[in-house]
Amino acid sequence: MTSAQWAEHAACRSIDPEVLFSQGAEQNRAKTVCNGCAVRTECLAEALDQRIEFGVWGGMTERERRALLRRRPDVASWRMVLEEARQAFVRAPAG
């Protein structure tokens, strides 16, 4: 799915974009928009793979994404990593 395709299904498509580019504590409120979003994984992968520096993407702030990128500098494609994790989660037996 391309960025244009997943963006059509994003939970944030109908809100003011300024909400997602807020600062400080407002970012935590902005992250709630991502809860339950059907394309959260695609959004986060896009931000990580493209090294997008600002805003809330896929439920993570720029600070959270930078920390993740520092912890995992070996990852060539976050899209693949996140998709594999999603598939493993779906296959896992309920608890």
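All right, on to a positive patch on the surface then. Where like charges cluster on the molecular surface, the positive patch consists of Arg63, Arg66, Arg70 and Arg71. Residue class for Arg71 comes out exposed when judged on its relative accessible area of 57%.

If you walk through the whole model with that rule in mind, you get six salt bridges. The salt bridge involving Glu42 is made with Arg86; its shortest N-O contact spans 3.2 Å. With Glu42 in helix H3 (residues 40-49) and Arg86 in helix H5 (residues 78-91), the pair connects residues that are 44 residues apart, well separated along the chain. You can call Arg86 partly exposed: its relative accessible area is 28%.

This next bit is on helix H4 (residues 62-71). Of all the residues in H4, the buried ones are Glu62, Arg65, Ala67, Leu68 and Leu69. Against the buried residues of H4 lie helix H2 (26-31), H3 and H5.

To continue, consider the environment of Glu26. Take Glu26: it is sitting in helix H2. Once the C-alpha coordinates of Glu26 and Glu53 are considered, the two residues, 27 residues apart in sequence, prove to be 17 Å apart.

Before going further, it helps to spend a moment on unusual backbone geometry. Residue Arg51 is not a glycine yet carries a positive backbone phi of 55 degrees. Here Arg51 lies in the loop between H3 and H4. Relative accessible area serves as the criterion here: at 46%, Arg51 is assigned to the partly exposed category.

Attention now moves to the nonpolar core. Across soluble globular proteins, nonpolar side chains have a tendency to be buried as a group. Within the largest apolar cluster, nine residues are counted, these being Leu44, Ala45, Leu48, Met60, Leu68, Leu69, Val75, Trp78 and Leu82. When contributions to this core are tallied by element, the ones reaching two or more residues are H3, H4 and H5. At three residues, the largest contribution of residues to this core is made by H3. Look past the residues within four positions of Leu69 in its chain and what remains in contact with it is Leu48, Arg51 and Trp78. Residues Ala10, Cys37, Val39 and Cys43 belong to the second largest nonpolar core, which totals five residues.

With that settled, the discussion passes to the packing of H3 against H5. The contact between H3 and H5 brings their axes to 8 Å, and the two run at 150 degrees. Here H5 runs roughly antiparallel to H3, going by the angle between their axes. You can see that H3 and H5 cross each other, and the crossing is right-handed. In this structure, H3 contributes Thr41, Glu42, Leu44, Ala45, Glu46, Leu48 and Asp49 to the contact, and H5 contributes Trp78, Arg79, Leu82, Glu83 and Arg86. Across the contact of H3 with H5, the residue classes tally to five nonpolar, one polar and six charged.

Reading the values: rules and limits
Residues numbered from 1 in each chain as written. Predicted model: local features only at pLDDT ≥ 70, side-chain atom pairs only at ≥ 80, totals over all residues. Heavy atoms only, no water. Patch = residues over 30% accessible without salt bridge, like charges linked within 9 Å, V, L, I, M, F, W, Y side chains within 5 Å. Areas by Shrake-Rupley, 256 points an atom, 1.4 Å probe, with all protein chains shown as cover. Salt bridge = Lys/Arg side-chain N within 4 Å of Asp/Glu carboxyl O. Lys, Arg positive; Asp, Glu negative; His and termini not counted. Charge placed at Lys NZ, Arg CZ, Asp CG, Glu CD. Buried < 20%, exposed > 50% of the residue type's maximum accessible area, 1.4 Å probe, protein only. Helix = DSSP H or I, 4+ residues; strand = E, 2+ residues; numbered from the N terminus. Contact = heavy atoms within 4.5 Å. Core = buried A, V, L, I, M, F, W, Y, C linked by side-chain atoms within 4.5 Å. Axes fitted to C-alpha atoms, helices over the stretch in contact; angles between N-to-C directions. Parallel < 35°, antiparallel > 145°, perpendicular 65-115°, else oblique. Left-handed = near helix turned anticlockwise from the far one by under 90°. Nonpolar A, V, L, I, M, F, W, Y, C, P; charged D, E, K, R; others polar.

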